[in-house]
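Inside the fold
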Amino acid sequence: MNIIEIKNLSKVYDEKTIPVYALNGVDLAFKQGEFTSIVGPSGSGKTTMLNMLGGLDTPSGGKIMIDGTDITGLKSRQLIDFRMRNIGFVFQSFNLIPVLTAKENVEFIMQLQGVDREQRDKRTLELLQSVGLGEKINTRPNKLSGGQQQRVAVARALASKPKFILADEPTANLDSKSAENLLEIMEKLNREENITFIFSTHDSRVVAKARRVVTLEDGKIVSDVSKN
Amino acid sequence: MIFKIAFKNVWRNKVRSLIVITAITLGLAGGILTVSVITGMVEQKVRSGINNEVAHIQLHNPEFLKNYESRYTIPRADSIARIISGVSSVKAVCLRSRLTGMAASPNSATGVQILGVDPAAEKNVFTLYKAIPDSAGGFFTGSRKNLVVIGRKLADKLKVRLKSKIVLRFQNPDGNLTEAAFSVNGIFQSANTMFDEINVFIKKTDLDRVTEMDNGIQEIALIANDNSNIPLVKAALKSKFPGLLVQDWSEIRPDMGMVTTAIAIEVYVILGIILFALAFGIVNTMLMIVFERTRELGMLMAVGMSKSRVFRMIMLETIFLTIIGGIAGMAVSATLVSVFHSYGIDLSAFSKGLGAFGFDPKIYPFIKPELYINLSIMIILTGILSAVMPARKALQLKPVEAIRIE
């Protein structure tokens, strides 16, 4: 069953002057447990697509159904709550809260969700262990390497038990060893816990690991290849 | 959690936060110290006025105060004084004859108020005797007759010294003029040079002897055992003696009453202006913080932090910053005020001017404890008001744009 269905999605900038189509009539669907890369040259619409999927940006037309909910019809406040409960984000530049420790950064989303302390502690530890940072729970981001910070970001994205994780160029700011390590962790989470990952990326290593590669050009899907 | 993040965020850029905190501390310390000096001056003026000049409450024949005619005495003053002594919360009472007259020395002459007093009773109510320096005699020391205690200003005006003779000329209650020579027994120097210039004290027994009559009592003065009991005592005396004019110190000396009320308002105006100015610095700093953290705030909103939580976080950060500065400011101020209160600030270089307005040249800064409570509320309000603009700015951020900002 599809957890995400995109129908005729479009995003037009400067609609009234010189219209620029960032996305132009995209139809796409994702199933639970996919490990998908969205690729394409700069300006092809990868990031716009991810922003739409994450409910961070509103489309000019079309629908995005997530687990049966059309998120394009949600109001700003409802979208924030929807994101918190359904979508995990991993950003290119980690974006951890610098004043909080690794544990607190991961725990933060669960606190927003109102999860009780005991459950939070248990899940935070499990998540940080699963990304190989069980020893760094009380370390602040500035004492962690880029790779470690991004692994905390993955743990944070998983904390809210989202339906899927959106990762925008997750390896762009990492050295090759850290990138490799991060990809292995995400692949393992996908394989063992059936967590859905959707990446936008330029990185060939990410593309190589992906089991499905969707290629965008000029806001349109030019290929959609699944590897088995 | 929001609370924790907000508090930790205050210390994120320590130098910048410390600059803001230092600005608040210095601003408040300056303001509070200024206020304490003004309050100290006024308190001293009022205290000195009460202790040396008017006491807490005075009773007069209502006609007397119109023209200070000594024939308007208080009938049966002795028994009234006994009744007053029995009123609860009254600490001490004294009776005074008050006549208008002239004081003359071989060099000069001037109009004065002559107070015929019982020195022992007078000392129970007034502390003017303490304003006589050791080198300037005493308050009716020795058993000689016709002693007079005068103020330093009058002594200088008449060019007389201790033990000099001055002639007092006055009109009795029966209308006759009398004059007699008195020996200067003590020279007092209160904070109020005008008071020192026009009031002379003689013993009531000497007054009655030289006038060969009982001059009666024109004034009854009393002090309560506590300032807070003055209204109660005044009300009790008004109902007991409806034929007499019962006034408290602020009615007798409206200037003192007025300055006390004015200063209570002025204190808050001064501190309000300082906090208002500081608020601009706080707003500026918090706006910088919001701009600097645009991406982080965008991320927080992206991952599900509601706008109201973001708003609250920025509000809390601003309030924490302000409160920390406020506490530091109040602590530094309390220390400074306490040190200056112990040693006093000597403004004798300006004492001529100050004395003319009844201010003591040595000021002991003082802050009423309730000011710190009210100031704390004002500081929190400043924090809240300063936070609104930066917090609103944070709300205007769109996560999709904010997370892209480098």
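Below is a summary of the structure that appears in this document.

1. Some remarks on the overall build of chain A
When helices and strands are counted, chain A shows seven helices and 10 strands. Expected size for 228 residues packed as a compact globule is a radius of gyration near 17 Å; at 17 Å, chain A falls within 12% of this value. Counting only C-alpha atoms, chain A reaches 50 × 40 × 35 Å along its principal axes. In chain A, the share of contacts with a sequence separation of at least 24, taken over all contacts with a separation of at least 6, comes to 69%. Both charge centroids of chain A, one from 31 positive and one from 28 negative side chains, sit 3 Å from each other.

2. Focus: the environment of B:Val200
All names here are of chain B. Mapped onto the fold, Val 200 is located in strand β7 (residues 199–203). By relative accessible area, which is 0% here, Val 200 ends up buried. Distance in space between the C-alpha atoms of Val 200 and Met 305 is 78 Å, their sequence separation being 105 residues.

3. Concerning the interface of chain B and chain A
Taken together, the contacts link 22 residues of chain B with 24 residues of chain A. When chain B packs against chain A, the two sides together hide about 2200 Å² of surface, and 65% of this comes from carbon and sulfur. Counting across the chain B and chain A interface gives two salt bridges. The partner of B:Lys8 in a salt bridge is A:Glu104, with the nearest N and O atoms 3.2 Å apart.

4. A word on the packing of helix α3 (residues 102–113) of chain A against helix α4 (residues 117–130) of chain A
Residues and elements named next belong to chain A. It is at 9 Å that the axes of α3 and α4 come closest, and there the two elements cross at 130 degrees. Classed by the angle they form, the pair α3 and α4 counts as oblique. Relative to α4, the crossing made by α3 is right-handed. Facing Ala 102, Lys 103, Val 106, Glu 107, Met 110 and Gln 111 of α3, the residues of α4 in contact are Arg 120, Asp 121, Arg 123, Thr 124, Leu 127 and Leu 128. Residues that form the contact of α3 with α4 fall into these classes: five nonpolar, two polar and five charged.

5. Overview of the pattern of salt bridges
For the structure on display, the rule yields 37 salt bridges over all chains. Here A:Arg85 makes a salt bridge to A:Asp81, at a shortest N to O gap of 3.4 Å. Highlighted residues: A:Arg85 and A:Asp81, both in helix α2 (residues 76–86), separated by four residues, approximately one helical turn. Under the relative-accessibility criterion, A:Arg85 is labelled partly exposed at 37%. The closest approach of N and O atoms between B:Lys204 and B:Asp208, which form a salt bridge, is 3.0 Å. One end of the pair, B:Lys204, and the other, B:Asp208, are both in helix α8 (residues 204–211), four residues apart, so they sit about a helical turn from each other. We note that B:Lys204, like B:Asp208, is buried. Residues joined in a network through salt bridges with shared partners are A:Lys103, A:Glu107, A:Arg117, A:Arg120 and A:Asp121.

6. Details of the side chain of A:Asp168
The residue A:Asp168 is located in strand β7 (residues 164–168) in this model. Residue class for A:Asp168 comes out buried when judged on its relative accessible area of 11%.

7. Focus on unusual backbone geometry
Positioned with a positive phi, A:Asn8 is a non-glycine residue whose angle comes to about 50 degrees. Position of A:Asn8 relative to the elements: it lies in strand β1 (residues 2–13). Phi is positive for B:Glu212, which is not a glycine, with a value near 55 degrees. Take B:Glu212: it is sitting in the loop between α8 and β8 (219–224).

8. Examining the environment of B:Leu222
Residues and elements named next belong to chain B. Residue placement: Leu 222 occurs in strand β8. Linking Leu 222 and Ala 55, residues 167 residues apart in sequence, is a C-alpha distance of 5.9 Å. Leave out the neighbours within four places in its chain, and Leu 222 touches Ala 55, His 56, Ile 57, Leu 59, Ile 84, Val 90, Ala 92, Val 93, Val 125, Val 233 and Leu 237.

Rules used throughout
Residues numbered from 1 in each chain as written. Chains lettered and ligands numbered in written order. Predicted model: local features only at pLDDT ≥ 70, side-chain atom pairs only at ≥ 80, totals over all residues. Heavy atoms only, no water. Helix = DSSP H or I, 4+ residues; strand = E, 2+ residues; numbered from the N terminus. Rg over C-alpha atoms; globule rule 2.2 N^0.38 Å. Contact = heavy atoms within 4.5 Å. Lys, Arg positive; Asp, Glu negative; His and termini not counted. Charge placed at Lys NZ, Arg CZ, Asp CG, Glu CD. Buried < 20%, exposed > 50% of the residue type's maximum accessible area, 1.4 Å probe, protein only. Buried area = accessible area lost by both parts, 1.4 Å probe. Salt bridge = Lys/Arg side-chain N within 4 Å of Asp/Glu carboxyl O. Axes fitted to C-alpha atoms, helices over the stretch in contact; angles between N-to-C directions. Parallel < 35°, antiparallel > 145°, perpendicular 65-115°, else oblique. Left-handed = near helix turned anticlockwise from the far one by under 90°. Nonpolar A, V, L, I, M, F, W, Y, C, P; charged D, E, K, R; others polar.

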